[in-house]
Amino acid sequence: MRRTVYLILTLPAVAMAQGWGNVGTPKEEEFTWTKWWIEPLFGGFWMAWTRATLAFFVFIFGFIAIMALIELRYPGGNERNGVLGLTTTRGDRLFIGLLGSAYVFLTWIGLFGTSIVVPLILSAAWIGFCFRKV
């Protein structure tokens, strides 16, 4: 009986010593670039618009606009045979580059996690390779 009373009296002190007394208090969060990059921009949309998704769509539509301007300046698509043995145009090379970049990012996220610096460099190198050699 004496042990039970002792346990009941000391249990709150043990819980407080382990930090359980701070469970309900909000913690001040520090600024991190990762959190800033993926926090929602707008609420109540059907899609989670973050700075990362906005940058992605701006990049894609910007790339398509640049390709359209190049096509207006130099029509015909600039066909050539590359290292893959395919006859490709500028649009084909863009599609192959973007598709390969998507696979690079998905493979990286599946194997290593969500850090995107290395797959970004790999994807830029892949797109450069596609436009020069494919």
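Criteria and thresholds
Residues numbered from 1 in each chain as written. Predicted model: local features only at pLDDT ≥ 70, side-chain atom pairs only at ≥ 80, totals over all residues. Heavy atoms only, no water. Salt bridge = Lys/Arg side-chain N within 4 Å of Asp/Glu carboxyl O. Helix = DSSP H or I, 4+ residues; strand = E, 2+ residues; numbered from the N terminus. Buried < 20%, exposed > 50% of the residue type's maximum accessible area, 1.4 Å probe, protein only. Phe/Tyr/Trp six-rings, centres within 6.5 Å; stacked < 30°, edge-to-face > 60°.

(A) Fine view of the pattern of salt bridges. A full pass over the atoms with the stated rule returns two salt bridges. Among the ionic pairs, arginine 51 bridges to glutamate 39, the shortest N-O distance being 3.4 Å. Pair noted here: arginine 51 is in helix 3 (residues 51-73) and glutamate 39 is in the loop between helix 2 (33-38) and helix 3, with a separation of twelve residues, a long-range link. Overall, the relative accessible area of 32% leaves glutamate 39 in the partly exposed class. Two residues, glutamate 71 and arginine 90, come together in a salt bridge whose shortest N-O distance is 2.9 Å. Placement of glutamate 71 in helix 3 and of arginine 90 in helix 4 (residues 90-112) is noted, with a sequence separation of 19 residues between them.

(B) Examining the packing of aromatic side chains more closely. By the definition in use, this model includes eight aromatic pairs. For the pair tryptophan 49 and phenylalanine 57, a centre-to-centre distance of 5.5 Å together with 50° between the ring planes defines the contact as tilted. Judged by relative accessible area, tryptophan 49 falls into the buried class, the value being 19%. Look at phenylalanine 59 and phenylalanine 63: their rings are 5.4 Å apart centre to centre, the planes differ by 75°, and that puts the pair in the edge-to-face class. Placement of both phenylalanine 59 and phenylalanine 63 in helix 3 is noted, with a separation of four residues, approximately one turn of the helix. On the basis of relative accessible area, phenylalanine 63 is assigned to the buried category, the value being 18%. One aromatic cluster in this structure is built from Trp49, Phe56, Phe57 and Phe61.

Without other data, these values stay purely geometric and don't point to any function.
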